[in-house]
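So the chains spell out like this:
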Amino acid sequence: MYWAAGFASSRPCVVELGRNHSLPLGLCGSEQQQSLYGYIIAVPLQDYGGIMSALGSDSWWKKTLYITGGALLAAAAYLLHELLAIRKEQELDSKDAIILHQFSRPKNGVPSLSPFCLKIETYLRMVDLPYQNYFDGKLSPQGKMPWIEYNHEQASGSEFIVDFLEEKLGVNLNNNLTPQERAVSRAVTKMVEEHLYWTIAYCQWVDNLEETQKLLAMSGPLSDTLKWLLSHLNGSMVRREMYGHGIGRFSKDEIYALMEKDMRTLATLLGDKKYFMGSKMSTLDATVFGHLAQAMWTLPGTRPEQLIKGELINLAMFCERMRRRFWPEWFVDVEDLYYDGDSESSVSPTGLLDLGLFSRTDTLDDSDASSHSAGHTHLPDSDHSLFDSDVGTGSDNDAQFKEELIPDLEV
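All values reported here derive from a predicted model rather than from experimental measurement. (Residues numbered from 1 in each chain as written. Predicted model: local features only at pLDDT ≥ 70, side-chain atom pairs only at ≥ 80, totals over all residues. Heavy atoms only, no water.)

> When you look at the overall build of the protein chain in this model, what are you seeing that I'm missing?
Counting its regular elements, the protein chain contains 13 helices and eight strands. Put simply, the protein chain has 411 residues, and 50% of those count as buried. Of the contacts formed within the protein chain by residues at least 6 apart in sequence, a portion of 77% connects residues at least 24 apart. Total accessible area on the protein chain is roughly 19,500 Å²; 53% of this is exposed by carbon and sulfur atoms. (Helix = DSSP H or I, 4+ residues; strand = E, 2+ residues; numbered from the N terminus. Buried < 20%, exposed > 50% of the residue type's maximum accessible area, 1.4 Å probe, protein only. Contact = heavy atoms within 4.5 Å. Areas by Shrake-Rupley, 256 points an atom, 1.4 Å probe, with all protein chains shown as cover.)

> Please clarify how the side chain of Thr298 should be interpreted in this entry.
Mapping Thr298 onto the fold places it in the loop between helix H9 (283-297) and helix H10 (303-311). A polar atom in the side chain of Thr298 sits 3.4 Å from the side chain of Gln204. Of note is the side chain of Thr298, whose polar atom sits 2.5 Å from the backbone oxygen of Gln294. Look past the residues within four positions of Thr298 in its chain and what remains in contact with it is Asn108, Val110, Leu113, Gln204, Leu215 and Ala293. (Polar contact = N/O pair within 3.5 Å; in protein donor to acceptor, adjacent residues only side chain to side chain.)

> Please clarify how helix H5 (residues 179-207) should be interpreted in this entry.
A turn of α-helix holds 3.6 residues, and therefore any two residues three or four places apart point the same way. Over its 29 residues, H5 runs 40 Å from end to end, which matches the ideal 42 Å to within 8%, given 1.5 Å per residue. Within H5, the axis deviates most sharply at Leu196, by approximately 40°. (Expected span 1.5 Å × (residues − 1). Bend = angle between axes of the 7 residues up to and from the residue.)

> What is the right way to look at the packing of aromatic side chains in this model?
Geometry of an aromatic ring pair is reported as the spacing of the ring centres plus the angle between the planes. By the definition in use, this model includes seven aromatic pairs. With 6.2 Å between their ring centres and 55° between their planes, Phe289 and Trp330 make a pair best called tilted. Of this pair, Phe289 sits in helix H9 while Trp330 is found in the loop between helix H11 (313-326) and strand S8 (357-358), placing the two residues 41 residues apart along the sequence. By relative accessible area, which is 0% here, Phe289 ends up buried. When the centroid spacing of 6.2 Å and the interplanar angle of 80° are considered together, the rings of Trp327 and Trp330 count as edge-to-face. Under the relative-accessibility criterion, Trp327 is labelled buried at 0%. Members of the aromatic cluster, joined through ring pairs, are Phe289, Trp297, Trp327 and Trp330. (Phe/Tyr/Trp six-rings, centres within 6.5 Å; stacked < 30°, edge-to-face > 60°.)

> Help me out: how do you make sense of the nonpolar core in this one?
The tendency in soluble globular proteins is for nonpolar side chains to be buried side by side. In this structure, Ile98, Leu165, Leu266, Phe289, Trp297, Leu315 and Phe318 are the most contacted members of the largest nonpolar core, which totals 79 residues. Take this core: its biggest share by element is 12 residues, from H5. With residues up to four places along the chain from it excluded, the contact list for Phe318 reads Leu270, Lys274, Tyr275, Phe276, Asp285, Val288 and Phe289. Core analysis: the next-biggest nonpolar cluster, separate from the first, contains five residues, Phe103, Leu139, Met145 and Trp147 among them. (Core = buried A, V, L, I, M, F, W, Y, C linked by side-chain atoms within 4.5 Å.)

> I'm lost on helix H8 (residues 252-270) in this one. Help?
Between the first and last C-alpha of H8 there are 27 Å, a value that for 19 residues agrees with the 27 Å anticipated at 1.5 Å per step. Residues of H8 that are buried: Ile255, Tyr256, Met259, Glu260, Asp262, Met263, Leu266, Ala267 and Leu270. Down the axis of H8, the buried set is contained in an arc of 165°. They therefore lie on one face. Of the exposed residues in H8, those oriented more than 90 degrees away from the buried face are Asp253, Lys261 and Thr268. (Arc of directions from axis to C-beta.)

> Just to check I follow, could you spell out the pairing of strand S7 (residues 153-156) for this structure?
Looking down a regular strand, the side chains alternate between one sheet face and the other. Relative to S7, strand S6 (residues 147-150) is paired through four bridges, and the arrangement is antiparallel. By the bridge assignment, Tyr150 is partnered in S7 with Glu153. As consecutive antiparallel partners, S6 and S7 are separated by two residues, and within that stretch Asn151 has a phi angle of approximately 50°, a positive value. (Pairing = 2+ DSSP bridges.)

> Can you help me understand the pairing of S6 in this one?
With burial as the criterion, each face of S6 is covered, one bearing Trp147 and Glu149 and the other bearing Ile148 and Tyr150. Bridge analysis of strand S4 (residues 98-101) against S6 gives four bridges, and the strand direction is antiparallel. Residue His101 lies in a different strand from S6, and its bridge partner there is Trp147.

Written out as structure tokens, the structure reads:
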């Protein structure tokens with residue numbers, strides 16, 4: 001009788017090792033993922049052709065196969081141990097503290113390969129709320145990433161996380177928006193998260209899988225194997241979910257055509273404004289930044305990078321403004337701000353510092369503070385701010401910055 005090793009998740013699905021099935025992962029940042037935590041199982045398979053019976057009960061071949069099978073099962077157990085990063089559950093004290101659960105930092109300096117994780121972490125910085133990162137890889141009870149804990153309450157799903165923080169802590173980036181602007185903001189958010197997201201995920205995890213695989217941060221003797229396995233399983237999951245969504249039923253050229261339409265829509269909406277809703281930042285800026293940053297800094301040489309750093313350069317300038325203001329520890333090369341046809345120059349060699357607790361309290365200028373400080377209950381103060389107050393914020397500074405960095409490009 002043959003045996004196979006497999007993995008059972010917390011939900012009713014089983015994936016057998018050695019078979020051409022996919023294991024749901026959360027690397028691409030989708031908010032509809034299965035949990036990786038599970039247990040090893042062994043299931044009996046059919047004795048195809050009576051091979052085992054023909055060998056006889058006392059056959060040394062049978063003993064050899066048992067020993068080999070046991071060794072393979074042990075190897076599979078070790079591989080799953082590394083894959084699932086089994087660890088002891090740790091009790092976190094979220095009293096008056098925001099615990100942000102998200103995926104580990106990638107290797108190229110970008111804070112996250114998940115646009116939703118980057119969105120929420122950027123949002124926390126925009127509203128000046130200290131938080132503690134927890135890179136445990138564990139999904140929320142709803143099977144989502146990112147998710148937060150605060151005062152022993154949980155919130156998952158980026159939209160519900162924002163609603164939770166607005167209710168509990170009184171922060172609100174959209175206070176100054178008119179009802180019409182709020183409606184536009186929500187419509188654009190849905191376009192970005194439900195449509196553009198899939199085209200960027202396709203570019204990351206299907207069309208440029210090998211390059212994305214290099215960004216995964218893993219160590220140990222099986223790191224290369226695990227990166228290959230995780231990236232290919234994640235790519236398979238993206239294909240399946242894209243097909244279910246409907247966008248995955250189109251050709252590569254058609255998917256990129258849809259992506260280009262969305263990016264052009266964003267570029268038109270932004271125009272020459274500082275933020276998408278005007279001079280005041282809003283939640284929409286965190287959403288768009290989380291997604292465009294993937295095209296800006298994780299997909300060198302691809303169509304998304306060519307668009308954002310070339311023809312749609314105002315989107316690149318927006319991303320750079322957001323990065324400089326809210327991610328001062330995230331360094332990039334000057335050449336990384338425009339596309340010159342050389343994919344190697346588009347990858348920043350500088351890694352992102354893992355500064356778990358972040359706060360920029362008392363560093364906002366008056367115009368920004370007034371946009372979300374009403375009813376704001378500050379969490380306990382952390383260390384001094386990392387925010388660089390010398391970064392230009394006016395349109396004149398933006399124009400000068402643009403002229404200095406990309407003099408050969410017309411906007």
